[in-house]
Amino acid sequence: MTAMLSVLEFHLVNYRRTWRSSALTTLVMPLLVMLGFGVGVGAYVEGGVGGVPYLDWIVPGLIASTALQAAVGEATWPVFSYFEWLKVYFAQAAAPLRVADILGGHLAFMLFRIVLSAAVFLAVAAAFGTLHSWWAPLTLVVALLVGLAVAAPTVAYAASVSSDSYLIILMRFAVLPMSLFSGVFFPIGSLPELLRWVAYVFPLWHGVELSRDAILGTSPGLLGLVHVACLLAWCAAGCLLAHVRFRRRLVI
Amino acid sequence: MEPHPTAPPAAQNPTEDFLIHARGLVKRFGDFTAVDGIDVDVRRGEAFGFLGPNGAGKSSTMRMIGCVSPPTSGVLEILGLDPRRDGPRIRARLGVCPQLDNLDIELTARENLTTYARFFGIGRREARRRADELLEFVQLAERADSKVEPLSGGMKRRLTIARAMVNQPEVVLLDEPTTGLDPQARHLVWERLFRLKQQGVTLVLTTHYMDEAEQLCDRLVVMDGGRIVAEGSPRELIERYSTREVVELRFNADDQRAYAEKLDGIGERLEVLPDRVLLYVDDGDEATAEVHRRSLSPASVLARRSSLEDVFLHLTGRTLVD
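Residues numbered from 1 in each chain as written. Chains lettered and ligands numbered in written order. Predicted model: local features only at pLDDT ≥ 70, side-chain atom pairs only at ≥ 80, totals over all residues. Heavy atoms only, no water.

Student: Give a description of the overall build of chain B that names residues and reports values.
Tutor: Summing up its helical and strand segments, chain B has 11 helices and 13 strands in all. Put simply, of all contacts in chain B between residues at least 6 apart along the chain, 67% involve residues at least 24 apart. Of the side-chain charges in chain B, 44 are positive and 52 negative, and the distance between the mean point of each set is 6 Å. (Helix = DSSP H or I, 4+ residues; strand = E, 2+ residues; numbered from the N terminus. Contact = heavy atoms within 4.5 Å. Lys, Arg positive; Asp, Glu negative; His and termini not counted. Charge placed at Lys NZ, Arg CZ, Asp CG, Glu CD.)

Student: Describe the sheet that holds strand 13 (residues 300-305) of chain B, with residues and values.
Tutor: Residue and element names in this part refer to chain B. Here we have 4 strands laid out as an open sheet, ordered 11-12-10-13, and antiparallel in their pairing. Since the sheet does not close on itself, it has two edges, and those belong to strand 11 (269-272) and strand 13, each with one partner. When the angles between neighbouring strand axes are averaged without regard to direction, this sheet yields 20 degrees. When strand 11 meets strand 12 (residues 277-281), the two strands line up antiparallel, connected through 4 bridges. In the strand pairing of strand 12, Leu 270 is matched with Leu 279. (Pairing = 2+ DSSP bridges. Axes fitted to C-alpha atoms, helices over the stretch in contact; angles between N-to-C directions.)

Student: Residues and numbers for the domain arrangement of chain B, please.
Tutor: All names here are of chain B. According to the domain assignment, chain B consists of domain 1 (14-233) and domain 2 (239-316). The partner domain 2 presents 8 residues to the 14 residues of domain 1 that form the contact. In terms of surface lost to domain 2, no three residues of domain 1 exceed Met 210, Glu 214 and Val 222, which account for 44% of the buried area on that side. Counting across the interface, domain 1 meets domain 2 through 0 salt bridges. (Domains from an automatic or database assignment. Buried area = accessible area lost by both parts, 1.4 Å probe. Salt bridge = Lys/Arg side-chain N within 4 Å of Asp/Glu carboxyl O.)

Student: Quick one: what's the story with the side chain of Glu 248 of chain B, residue by residue and with numbers?
Tutor: Residues and elements named next belong to chain B. Structurally, Glu 248 can be placed in strand 10 (residues 245-250). Only 2.8 Å separates the side chain of Glu 248 from the side chain of Arg 304, close enough to count as a polar contact. The residues contacting Glu 248, other than those within four sequence positions of it, are Arg 276, Val 277, Leu 278, Ser 300, Val 301, Leu 302 and Arg 304. (Polar contact = N/O pair within 3.5 Å; in protein donor to acceptor, adjacent residues only side chain to side chain.)

Student: Any details on the interface of chain B and chain A? Residues and values, ideally.
Tutor: Each partner contributes to the interface: chain B provides 26 residues, whereas chain A provides 25 residues. Of the roughly 2,200 Å² buried at the junction of chain B and chain A (both faces included), carbon and sulfur atoms supply 61%. Viewed at the interface, chain A and chain B are joined by 4 salt bridges. As a salt-bridge pair, Glu 111 of chain B and Arg 17 of chain A come within 2.9 Å of each other at their nearest N and O atoms. Between chain B and chain A we count 11 residue pairs in polar contact (both at pLDDT 80 or more) in total. Broken down by secondary-structure element, the contributors of at least two residues to the side of chain B that touches chain A are strand 1 (18-29), helix 2 (83-91) and helix 3 (109-119) of chain B. Counting residues per element, the side of chain B that touches chain A draws most heavily on helix 3 of chain B, at 5 residues.

Student: Which residues make up the state of the cysteines, and what are the values?
Tutor: Linking two cysteines covalently through their sulfur atoms gives a disulfide. Residues and elements named next belong to chain A. Applying the stated criterion across every chain yields a total of 0 disulfides over all chains. Lacking any disulfide linkage, Cys 230 is separated from the closest cysteine sulfur, that of Cys 235, by 11 Å. There is no disulfide at Cys 239, and the cysteine sulfur nearest it, in Cys 235, is 6.5 Å away. For Cys 239, a relative accessible area of 27% translates into the label partly exposed. (Disulfide = S-S within 2.5 Å. Buried < 20%, exposed > 50% of the residue type's maximum accessible area, 1.4 Å probe, protein only.)

Student: Would you mind going over the nonpolar core in detail, with residue names and values included?
Tutor: Val 155 and Phe 246 of chain A together with Leu 159 and Leu 308 of chain B are the most contacted members of the largest nonpolar core, which has 127 residues in total. With 14 residues, the single largest contributor to this core is helix 2 (residues 54-75) of chain A. Counting residues domain by domain, this core receives three or more from each of domain 1 (14-233) and domain 2 (239-316) of chain B. Other than its neighbours up to four places away in sequence, Leu 308 of chain B contacts Leu 51, Met 210, Ala 213, Glu 214, Leu 220, Pro 234, Leu 237 and Ile 238 of chain B. One finds Val 42, Ala 56, Cys 67 and Leu 94 of chain B within the second-largest nonpolar core, a separate group that totals 27 residues. (Core = buried A, V, L, I, M, F, W, Y, C linked by side-chain atoms within 4.5 Å.)

Student: Describe the packing of helix 2 of chain A against helix 9 (residues 203-216) of chain A, naming the residues involved and giving the relevant values.
Tutor: Residues and elements named next belong to chain A. Two elements in contact, helix 2 and helix 9, have axes whose closest approach is 8 Å; the angle formed by their N-to-C orientations is 135 degrees. As far as their axial angle goes, helix 9 and helix 2 are oblique. Crossing of helix 2 against helix 9: the hand is right-handed. On helix 9, the residues that touch Asp 56, Trp 57, Ile 58, Val 59, Pro 60, Gly 61, Ile 63, Ala 64, Ser 65 and Leu 68 of helix 2 are Leu 204, Gly 207, Val 208, Ser 211, Arg 212, Ile 215 and Leu 216. When grouped by side-chain class, the residues that make up the contact of helix 2 with helix 9 number 11 nonpolar, 4 polar and 2 charged. (Parallel < 35°, antiparallel > 145°, perpendicular 65-115°, else oblique. Left-handed = near helix turned anticlockwise from the far one by under 90°. Nonpolar A, V, L, I, M, F, W, Y, C, P; charged D, E, K, R; others polar.)

Student: Quick rundown of the sheet that holds strand 4 (residues 73-78) of chain B? Include the residues and the values.
Tutor: Residues and elements named next belong to chain B. Overall, antiparallel pairing links the 3 strands, which are arranged 2-1-4 in an open sheet. A single partner strand is all that each edge strand has here, and the edge strands are strand 2 (32-43) and strand 4. Adjacent strand axes in the sheet meet at a mean angle of 15 degrees, parallel and antiparallel pairs treated alike. Of the pairings in the sheet, the one linking strand 1 to strand 4 comprises 5 bridges and is antiparallel in character.

Student: Got a sec to walk through the packing of aromatic side chains? Specific residues and values, please.
Tutor: Taken as a whole, this structure holds 18 aromatic pairs over all chains when the rule is applied. The interplanar angle of 85 degrees and the centroid separation of 5.8 Å between the aromatic rings of Tyr 15 of chain A and Phe 112 of chain A together place this pair among those described as edge-to-face. With a gap of 97 residues between them, Tyr 15 of chain A in helix 1 (residues 2-40) and Phe 112 of chain A in helix 5 (residues 99-127) connect regions that are remote in the sequence. These aromatic residues form a ring-pair network of at least three members: Phe 10, Tyr 82, Phe 83, Tyr 89, Phe 90 and Phe 246 of chain A together with Tyr 116, Phe 119 and Phe 120 of chain B. Taking NZ or CZ as reference, Arg 212 of chain A lies 3.5 Å from the ring centre of Trp 57 of chain A, over its face. (Phe/Tyr/Trp six-rings, centres within 6.5 Å; stacked < 30°, edge-to-face > 60°. Lys NZ or Arg CZ within 6 Å of the ring centre and 35° of its normal.)

Student: Which residues make up helix 6 (residues 183-198) of chain B, and what values go with them?
Tutor: Residues and elements named next belong to chain B. Helix length check: helix 6 (16 residues) gives 22 Å between terminal C-alpha atoms against 22 Å at 1.5 Å per residue, within 8%. Within helix 6, the full set of buried residues consists of Ala 185, Arg 186, Leu 188, Val 189, Trp 190, Arg 192, Leu 193, Leu 196 and Lys 197. In this fold, the buried residues of helix 6 make contact with strand 3 (47-51), helix 4 (124-137), helix 5 (153-164), strand 6 (171-175), strand 7 (202-207) and helix 7 (210-216). Just past helix 6, the residue Gly 200 takes up positive phi, approximately 95 degrees. (Expected span 1.5 Å × (residues − 1).)

Next up, the structure:
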């Protein structure tokens, strides 16, 4: 455990050097998205969604979506670079760390970044007065789940590809469809059956639904358990796969 | 015949005195055999070298010793432990300076050392103390707070060596420690490594620079095609595989081979290269006099002491390996 924490500490020291470049994005993105989609698009959506004003309705989805974006951002190029360009993982493998420590420490740092981004968004949303329930802070736990459910398999992917152009493919063919068809901007009921499966299968929709319940104060019921189970399944499978891929790269 | 009454006690337990002990060590990657059954023993406090052309299996061997690459077969013991089982415990007592620097370029020189020290469970205060001490040692104290990215190749290499020392290792593994450095930087690295050796640190290094091996190594093995082809001290190897001196003759002719016959019988061995002829002899001056006695007039004559390079090329051939 201390070994994993020492790896997390390494990433945090690194973040202390580079946080300024990402801080602006973390803060300004939510503001822009709130203004653009919520206030701008929202003005055309009369009556909101199911009686909830459009801005208030999309904020939970946007927070889950922010977790997705942060997870993908941290799990693609940084991981690829630590294998291919900077070779930082190989330096760590020469120390008395296990593969699980190296991977776990980095994932822990990613979760920190993901929750941080979600928390900033939540704070901005609170300032806009769009939170309806005292359950709202629970969205950070959901962000954590979505974050790991996305980050872990993405790490496995980034550890497997031979060129960073494969990371762009992931962005276009996995992240973008997931962002569009996961009930962030409109209910998935308006999607054709086939596209609805994008929502069911990938992690984001489950997180969006849970976030929405938390922020609007509605009960997810038993379906909530299904959402959590799906996210946990992605987390577990992703971590397992990432460990296999890391092992193959670091112990040869 | 009497048994040896004076056999050293260490012989009864051969692994005790050796920090690294390998027998029939093999590493295969699929069909390719990188290391093909080598025996190696490294004693405490010595500087041991793996010499060989590219692809000889040096780096694969080093990675097995560094416990990041499990052996395919054979015996390997490091510090008396089994790397297959005790990887982290062994790595806690090793220092590794890889062939390519893998420093974190976003961090400062000091942070590179302190964060790395934390991987060994070293406390923050102690990590900082050691970092400052090591930065002093590798003459980077005044760059402690500058980022790694703009540092020169030599500085980065010294910082990597400092990082390898942060856990006060018993053995330091150096994979081509001075490849790609300019002469001043190389000499500085050598000098620091020599100081480490004097402090009692066991050094294991790979190199294809003969001067490096002669400067640093007490003992070395020459590897070629995954096997060990020679073993001994630099001096022993020169004596065994070369002569005391070498005379290099250049003739003003397109084909140096024409002169080989006329030089026949001078020295122990003769080698014809595209641009010169090498005579392996005991006495360079005497051999040079003999060349002139035979009324040959080479454009240039160089009599020099035999070096490890002669041994190396003799053993591994002159064919270019890429």
